[in-house]
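Examination of the molecular architecture
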Amino acid sequence: MLTRVESIFSELMSKWEGSLVEFNGEADHVHLLIQYNPQTQLSKLINNLKTVSSRYLRK
């Protein structure tokens, strides 16, 4: 599951003009180190990452 989540986050970060620098996690949480565009609102980015990754994993 963690490899799938990592690929989802990588794809999403490229859409947000950023990159996933490091990824690690356990069964109940993940750790991300991201690089993102300064014009991007961080709250919107994080909300999108959580929403989309959750939706993709449930499918």
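Residues numbered from 1 in each chain as written. Predicted model: local features only at pLDDT ≥ 70, side-chain atom pairs only at ≥ 80, totals over all residues. Heavy atoms only, no water.

**Focus: the overall build of the chain**
To keep things clear, this is the line we draw: Runs of H or I in DSSP of at least four residues are treated as helices and runs of E of at least two as strands, each being numbered from the N terminus. It is over C-alpha atoms that the radius of gyration is taken, and the globule rule equals 2.2 Å times the number of residues to the power 0.38. Exposure classes here rest on a 1.4 Å probe applied to the protein chains alone. A residue is buried below 20% of its type maximum, exposed above 50%, and partly exposed in between. Contacts were defined at the residue level, with two residues in contact if any of their heavy atoms lie within 4.5 Å. Each accessible area is a Shrake-Rupley result for a 1.4 Å probe, and residues are judged covered by the shown protein chains and nothing else. Two residue types count as positive, namely Lys and Arg, and two as negative, namely Asp and Glu; His and chain ends fall outside the count. By convention, the point assigned to a charge is CZ for Arg, NZ for Lys, CD for Glu and CG for Asp.
Tallying secondary structure elements over the chain gives 2 helices and 2 strands in all. Along the chain, helices (α) and strands (β) appear in the sequence α-β-β-α when read from the amino end. The globule rule puts the C-alpha radius of gyration for 59 residues at 10 Å, and the 11 Å found for the chain is close to it. Overall, the C-alpha framework of the chain stretches about 30 × 20 × 15 Å when taken along its three principal axes. A burial count over the chain gives 24% of its 59 residues as buried. For the chain, contacts bridging at least 24 residues in sequence account for 37% of all contacts bridging at least 6. When the accessible area of the chain is evaluated, it comes to approximately 4400 Å², of which 49% is carbon and sulfur surface. When the 7 positive and 6 negative side-chain charges of the chain are each reduced to one mean point, those points stand 14 Å apart.

**Describing unusual backbone geometry**
The phi dihedral of E17 falls on the positive side, at around 60°, and the residue is not glycine. Note that E17 resides in the loop between helix 1 (2-15) and strand 1 (19-25). Overall, E17 belongs to the exposed group, its relative accessible area being 60%.

**Comments concerning the layout of surface pockets**
Empty pockets left among the atoms are what a rolling probe the size of a water molecule brings to light. Formally: Here the term cavity refers to a set of points on a 1 Å grid, laid over the protein atoms alone, in which a 1.4 Å probe fits but cannot get out; the term pocket refers to an open set having protein on both sides within 12 Å along at least five of seven lines, with lining residues being those that place an atom within 4 Å of a point. Grid points are joined across faces, edges and corners, and a volume is the space filled by probe spheres set on the points. When residue character is reported, Ala, Val, Leu, Ile, Met, Phe, Trp, Tyr, Cys and Pro are called nonpolar, Asp, Glu, Lys and Arg charged, and the others, Gly included, polar.
Size it by volume and the largest pocket reaches roughly 160 Å³. Lining of the largest pocket is provided by M1, L2, V5, F9, E26, A27, D28, H29, V30, S53 and L57. When contributions to the lining of the largest pocket are tallied by element, the ones reaching two or more residues are helix 1 and helix 2 (42-58). The element that contributes the greatest number of residues to the lining of the largest pocket is helix 1, accounting for 3 residues. Counted by class, the lining of the largest pocket contains 7 nonpolar, 2 polar and 2 charged residues.

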